[in-house]
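# A look at the structure
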Amino acid sequence: MFSFGFIFRETRNNLRWNITLVLATVVAVWVSLTLFGASLIIREGVQQATQRWQGGIEFIVFMNPDATEDQLVAVEAGLSENPEVESWDFFDKNQSYNEFVTAFSNQPELVDSVTPEDLPPSFRVRPTVTNSEAIEAVANSFNARPGVRLVSLPLDAIRVLQENTRQISVFVLVLSVVVLIAALMLIANTIRTAIFARRQDIEVMKLVGASNWYIRLPFMMEGVIQGLLGGLLAVPMLFLMNDLLAGFVEEDFLALLRSLVLDGGAVGGIAMMVTGIGAAMGAMASLFATGRFLDV
Amino acid sequence: MACLVRRLVSMIELDGVTKIYKGEVLALYNISCAIAKGDFVFLVGPSGSGKSTLLKLLHRQEKADHGSIWIAGREIGSLPKARVPRLRRIVGCIFQDYKLLPNKTVVENVAFALEVTGSPRSAVAEKVHPLLELVGLSRKLHSYPNELSGGEQQRVSIARAFVNRPPILLADEPTGNLDPDTSLGIMRILDEINRRGTTILMATHDSGLVNHARRRVIRLDKGRLVQDQAQGQYHA
């Protein structure tokens, strides 16, 4: 016969008697899993952004502010005829000025010093090719045309961005693994303390013939609950972090960073994984602690 | 053949049992005896004679170095660790220091033995109250151990050991900390339990109690069995 009621009561008592240590452990698991989840969000975001950048990259052909109508028509014709150009948008001086005003709205003195006449018209070009060398070749073919001031490729910026985000992700991952190990040890120690606090009960249980699992299970459940609680607390933090990132990159007028932000489903998947890891951590730590410190 | 039959009839049988602690302290040497179902046996001898060690071997708190021990027809020396709890459900144990849980009431202490062996709560209430009546504690159900006298605490301990209705009850100096009158009260309860069919092996060095009861006496001295006598006497 097996009484789940007894196991639940014992688990509840263990958690109650040990409440301060249990809370400290849950906080440690919470922090470590939030960091771990954050590193996963960053990695996932970088992967997503890389795919989008490679698939939808565009280069910009800036014309001279005093470029003639003929020169503009010639570049336009060149873009239309080029099979490696999928589509393009023309930004005249007024559109460029509007974009400039939006981008530098927090620097009114800079905006005041510029007029639409000072800004070059430009072509925003989306090539059909996706690899960076081919895009570079297409872009450079417009470099020498009359009236063209420069061709701007965001590839370097993307490389820097990828490298930086990769480094941040690795750093957060390493940090989270260190904190995860600390949290594991903390769970194991909490259970060790609970075993010590209940040594009289355990002795009596053994003497009256309680099975090993009857003695072990309340302690194991205690560990799982601590891990699970830490994991569940990390879930809203992960959504909050993703929202904060979304708010932050909204100001990026090139929309380069927006691809780093994950949708709710992707964050939900990571959150579920983090919760599962929390429960698994609790089970692992308690299995270790009961195996090591509970002589049954 | 005779050996096999005796093993089937006996509740407890020891065959050439020797226990040596840390490879050098001889606790028991070549003990052989059999206790039939329903017997009440006193295990006597001075301190250090091996009484507690023998009880620990029967409860599988310790393992014999040589010889074999049979409980209810089953050899327990080779019993896997995972099966020991089952053995302890048929061999109840009473201790000189009671081993009650201080944060549990009388009822809870007795019920604990049922709960940890998987009995449902309904069965707990059914079994605990009549038993506490038997040991005379029906008016102290909700008292804590520190609110009870030594004799009352020992009666709780007896109720806890007997609540699973084990066919064998081991008592390790159950009256060791009690005055003569209280000891007689404990003996009366153990007699009653024995009358209900439970085999009892009680370690004691209280000669007055042993000689008054006129039961079988097994005497140990320096780990050796020196007397095994029906309706025996003991002079410490």
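Residues numbered from 1 in each chain as written. Chains lettered and ligands numbered in written order. Predicted model: local features only at pLDDT ≥ 70, side-chain atom pairs only at ≥ 80, totals over all residues. Heavy atoms only, no water.

Secondary structure assignment for chain A yields ten helices and four strands. Secondary structure elements of chain A, listed N to C terminal, follow the sequence α-α-β-α-β-α-α-β-α-β-α-α-α-α. Computed over its C-alpha atoms, the radius of gyration of chain A comes to 30 Å, more than 25% above the 19 Å expected for a compact globule of 296 residues. Among the 296 residues that make up chain A, the fraction classed as buried is 43%. For chain A, restricting intrachain contacts to residue pairs at least 6 apart in sequence, the fraction spanning at least 24 positions comes to 85%. Summing over all exposed atoms, chain A offers an accessible surface of approximately 15,300 Å²; the carbon and sulfur share of this is 62%. On chain A, the mean spot of the 19 positive side-chain charges and the mean spot of the 30 negative ones are 21 Å from each other. (Helix = DSSP H or I, 4+ residues; strand = E, 2+ residues; numbered from the N terminus. Rg over C-alpha atoms; globule rule 2.2 N^0.38 Å. Buried < 20%, exposed > 50% of the residue type's maximum accessible area, 1.4 Å probe, protein only. Contact = heavy atoms within 4.5 Å. Areas by Shrake-Rupley, 256 points an atom, 1.4 Å probe, with all protein chains shown as cover. Lys, Arg positive; Asp, Glu negative; His and termini not counted. Charge placed at Lys NZ, Arg CZ, Asp CG, Glu CD.)

For sheets, the rule is that strands pair by backbone hydrogen bonds, running either parallel or antiparallel. All names here are of chain B. Pairing in this open sheet of six strands is mixed, and the strands run E6-E7-E8-E3-E9-E10 from one edge to the other. One side of each edge strand has no neighbouring strand; the edge strands of this open sheet are strand E6 (91–94) and strand E10 (224–229). With direction set aside, neighbouring strand axes in the sheet form an average angle of 20 degrees. Sitting on the sheet, helix H6 (residues 150–162) is in contact with E6 and strand E7 (168–172), with an inclination near 170 degrees to E6. (Pairing = 2+ DSSP bridges. Axes fitted to C-alpha atoms, helices over the stretch in contact; angles between N-to-C directions.)

Time to look at a nonpolar patch on the surface. Judged by side-chain polarity, Val170, Val174 and Val178 of chain A come together as a nonpolar surface patch covering roughly 240 Å² of accessible area. Here Val178 of chain A shows up in helix H7 (residues 155–197). (Patch = residues over 30% accessible without salt bridge, like charges linked within 9 Å, V, L, I, M, F, W, Y side chains within 5 Å. Salt bridge = Lys/Arg side-chain N within 4 Å of Asp/Glu carboxyl O.)

Tracing the backbone shows Ser39 of chain A in helix H2 (residues 19–56). If near-sequence neighbours (up to four positions away) are discounted, Ser39 of chain A is found in contact with Ser169, Val172, Leu173 and Ser176 of chain A.

Bringing the pairing of strand E4 (residues 66–71) of chain B into the picture now. Residue and element names in this part refer to chain B. Summarising the sheet, strand E1 (residues 10–21) and E4 pair through five bridges and their orientation is antiparallel. By the bridge assignment for E4, Ile12 is matched with Ile71. Inspection of the sheet shows E4 paired to strand E5 (residues 74–75) by two bridges, in the antiparallel sense. Looking at the pairing, Trp70 lines up with Glu75 of E5. Connecting E4 to the antiparallel partner E5 that follows it, the hairpin turn spans two residues, and Ala72 within it adopts a positive phi of roughly 50 degrees.

This brings us to the interface of chain B and chain A. By a frequent convention, interface size equals the accessible area lost on bringing the separate parts together. With 25 residues of chain B at the contact, the number on the chain A side is 22 residues. Scanning the region where chain B abuts chain A turns up two salt bridges. Residue Glu203 of chain A pairs with Lys99 of chain B through a salt bridge whose shortest N-O separation is 3.1 Å. Sorting the residues of the side of chain B that touches chain A by element identifies helix H3 (84–90) and helix H4 (106–115) of chain B as the ones contributing at least two each. Within the side of chain B that touches chain A, the residues separate by chemical class into ten nonpolar, seven polar and eight charged. (Nonpolar A, V, L, I, M, F, W, Y, C, P; charged D, E, K, R; others polar.)

On to the pattern of salt bridges, then. Residue and element names in this part refer to chain A. Counting across every chain of the model gives 15 salt bridges over all chains. When the shortest N-O distance is used, the salt bridge between Arg126 and Asp89 registers 3.1 Å. Taken as a pair, Arg126 in strand E3 (residues 122–127) and Asp89 in strand E2 (residues 85–91) lie far apart in primary sequence, 37 residues in all. Overall, the relative accessible area of 24% leaves Arg126 in the partly exposed class. Taking the relative accessible area as the measure of exposure, Asp89 reaches 35% and is therefore partly exposed. Measuring nitrogen to oxygen at the nearest pair gives 3.3 Å for the salt bridge that ties Lys93 to Glu117. You can see Lys93 sitting in helix H4 (residues 93–103) and its partner Glu117 sitting in the loop between helix H5 (108–112) and E3, a full 24 residues away along the chain. Exposure remark for Glu117: the relative accessible area of 55% places this residue in the exposed category. It is possible to trace a salt-bridge network through shared partners that takes in Glu10, Arg198 and Asp201.

Here is a general trend for soluble globular proteins: nonpolar side chains tend to be buried in one another's company. All names here are of chain B. Within the largest apolar cluster, 78 residues are counted, with the highest numbers of intra-cluster contacts made by Phe42, Val128, Leu132, Leu190 and Met202. Setting aside chain neighbours within four positions, we find Leu190 in contact with Phe40, Ile94, Ile158, Leu169, Pro174, Ile200 and Met202. Membership of the second largest hydrophobic core comes to 29 residues, among which are Leu28, Ile31, Leu54 and Ile76. (Core = buried A, V, L, I, M, F, W, Y, C linked by side-chain atoms within 4.5 Å.)

Once that is clear, we can look at the sheet that holds strand E4 (residues 148–152) of chain A. All names here are of chain A. Sheet architecture is open: four strands sit in the order E2-E3-E1-E4, paired in antiparallel fashion. Only two strands of the sheet have a single neighbouring strand rather than two, namely E2 and E4. Across the sheet, the mean angle separating the axes of adjacent strands is 20 degrees when strand polarity is ignored. Examined bridge by bridge, strand E1 (residues 59–63) and E3 share four bridges and lie antiparallel to one another. Bridging from a neighbouring strand, Ile60 pairs with Arg124 of E3. Across the sheet, H4 touches E2 and E3, and the angle it forms with E2 is around 85 degrees.

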